[in-house]
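One-letter residues, chain by chain:
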Amino acid sequence: MFRTLFSLSSFLLPRYCCGCKKIMNNLEVVICADCLCELGQCHNVFEDKGDLRKRTSIYYPIKNSGAFILYKKQSIASKLIHKFKYDDDLVIGKYLMQLFCNDIKKLDWINDIDLIVPLPLHWRRTWHRGYNQSEVLAREVGKIFNIRVETKAVKRIKFTKSQVRRTAQERWENVENIFKLCDQKRLEGKHILIVDDIVTTGASINSCVREISKVKGIEISVIALGLAE
Ligand SMILES: [Zn+2]
């Protein structure tokens, strides 16, 4: 009876896959099985399989790192992350992060994390977009592992134009000294996990790590939903 009602509701109110727009069956959530399978092909970049740690350790050695997806242009993964980041589709970001957390659960180091710090966004951009996409992801991780999310200790103090059309060198110059520690005490002696959405050259996240590394006794790990090739 319940199943019949459920099938009837999906007939009357079909749910579409966020990746390919195909109508999903009752068992599929957010994306269809085909898209999930395609996502799996660029999934799971941990430690030495990817170079996230190398890319984020320019100024300070990162302890652990992990990226969920190797971000290739035109792939389902990049389409989904783009929708999350630019089309206000928070459901997609949260869903991808939940999948990512299933992998993170298998790693011992997640149990050493004291605090989660989303990569800060300038208040003007947060206001314009309505949310900080890294904070949305960080809160999902915090909920799953029961770790506090800290958003007040470090702020982005300079408003910078989008990095998208800049050369690598311009990206690095553009993000110099854009972050500021506002309350070091909150981070002292802690092992923090910085959460970002997509790491490309790593310019922004390195700038943030550089500022946070001034804190006494700090240890820093990093995760990102996407790691650009
Ligand atoms: Zn699909």
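A quick note: this is a predicted structure, and the numbers were derived from the prediction, not measured.

### Describing unusual backbone geometry
So, step 1. Although it is not a glycine, N146 adopts a positive phi angle of roughly 55 degrees.
So, step 2. Structurally, N146 is set in the loop between α7 (133-145) and β4 (148-149).
So, step 3. Using a relative accessible area of 72% as the deciding quantity, one classes N146 as exposed.
So, step 4. Phi at N177 is positive, roughly 55 degrees, even though this residue is not glycine.
So, step 5. With respect to the secondary-structure elements, N177 resides in the loop between α8 (168-174) and β6 (179-181).

### A few points about helix α9 (residues 203-212)
So, step 1. Burial analysis of α9 places nine of its ten residues in the buried class, the great majority of the element.
So, step 2. Every buried residue belonging to α9 is among A203, S204, I205, N206, S207, C208, V209, E211 and I212, and all of these are buried.
So, step 3. Those residues of α9 that are buried lie in contact with α3 (52-56), β5 (154-156), α8, β6, β7 (191-199) and β8 (219-228).

### Regarding the coordination of the zinc ion
So, step 1. In the first shell of the zinc ion, the protein supplies C17 (SG), C20 (SG), C32 (SG) and C35 (SG), at 2.3 Å from the metal.
So, step 2. In primary sequence terms, the donor set of the zinc ion follows C-x2-C-x11-C-x2-C. Highlighted residues: C17 in the loop between α1 (2-12) and α2 (33-40) and C35 in helix α2, separated in sequence by 18 residues.
So, step 3. C17 sits in the buried class, given a relative accessible area of 0%.

### What to know about the domain arrangement of the chain
So, step 1. Split by domain assignment, the chain resolves into domain 1 (1-40) and domain 2 (42-228).
So, step 2. A straight line from the C-alpha centre of domain 1 to that of domain 2 covers 30 Å.
So, step 3. Contacts between domain 1 and domain 2 engage eleven residues on the former and 15 residues on the latter.
So, step 4. If you sort the residues of domain 1 by the area they bury against domain 2, C18, V30 and L39 come out on top, with a joint share of 48%.

### Topic: the side chain of S207
So, step 1. Here S207 shows up in helix α9.
So, step 2. Judged by relative accessible area, S207 falls into the buried class, the value being 11%.
So, step 3. When sequence neighbours within four positions are dropped, the list of residues in contact with S207 reads Y59, V175, E176, N177, I178 and F179.

### So, the pairing of β7
So, step 1. Burial analysis of β7 places nine of its nine residues in the buried class, the great majority of the element.
So, step 2. For β7 and β8, the ladder comprises eight bridges, and the chain directions are parallel. Among the inter-strand pairings, V195 is bridged to a residue of β8, identified as I223.
So, step 3. With α9 bridging β7 and its parallel neighbour β8, the resulting β-α-β unit is right-handed.

### Side note on the nonpolar core
So, step 1. Among the nonpolar cores identified, the biggest contains 42 residues, and I31, I116, L193 and I223 are the most heavily contacted of them.
So, step 2. Breaking this core down by element, the ones donating at least two residues are α2, β2 (65-71), α4 (76-86), α5 (90-104), α7, β7 and β8.
So, step 3. Ranked by the residues each element gives to this core, the list is headed by α5, at seven residues.
So, step 4. Both domains that furnish three or more residues to this core are identified here as domain 1 (1-40) and domain 2 (42-228).
So, step 5. Beyond its immediate chain neighbours, meaning those up to four positions away, I116 contacts A138, V141, G142, I147, R148, V149, E150, L193 and V195.

### Overview of the pattern of salt bridges
So, step 1. Under the criterion given, the structure shown has twelve salt bridges.
So, step 2. The residue E140 makes a salt bridge to K143 at a minimum N-O spacing of 3.5 Å. In this pair, E140 and K143 both sit in helix α7, three residues apart, roughly one turn of the helix.
So, step 3. Looking at K143, the relative accessible area reads 62%, which means it is exposed.

Each value, and the rule that gives it
- Residues numbered from 1 in each chain as written.
- Predicted model: local features only at pLDDT ≥ 70, side-chain atom pairs only at ≥ 80, totals over all residues.
- Heavy atoms only, no water.
- Helix = DSSP H or I, 4+ residues; strand = E, 2+ residues; numbered from the N terminus.
- Buried < 20%, exposed > 50% of the residue type's maximum accessible area, 1.4 Å probe, protein only.
- Contact = heavy atoms within 4.5 Å.
- Donors = N, O, S within 2.8 Å, 3.2 Å for Na, K, Ca; no water.
- Domains from an automatic or database assignment.
- Buried area = accessible area lost by both parts, 1.4 Å probe.
- Pairing = 2+ DSSP bridges.
- Right-handed = clockwise from strand over helix to strand, strands pointing away.
- Core = buried A, V, L, I, M, F, W, Y, C linked by side-chain atoms within 4.5 Å.
- Salt bridge = Lys/Arg side-chain N within 4 Å of Asp/Glu carboxyl O.

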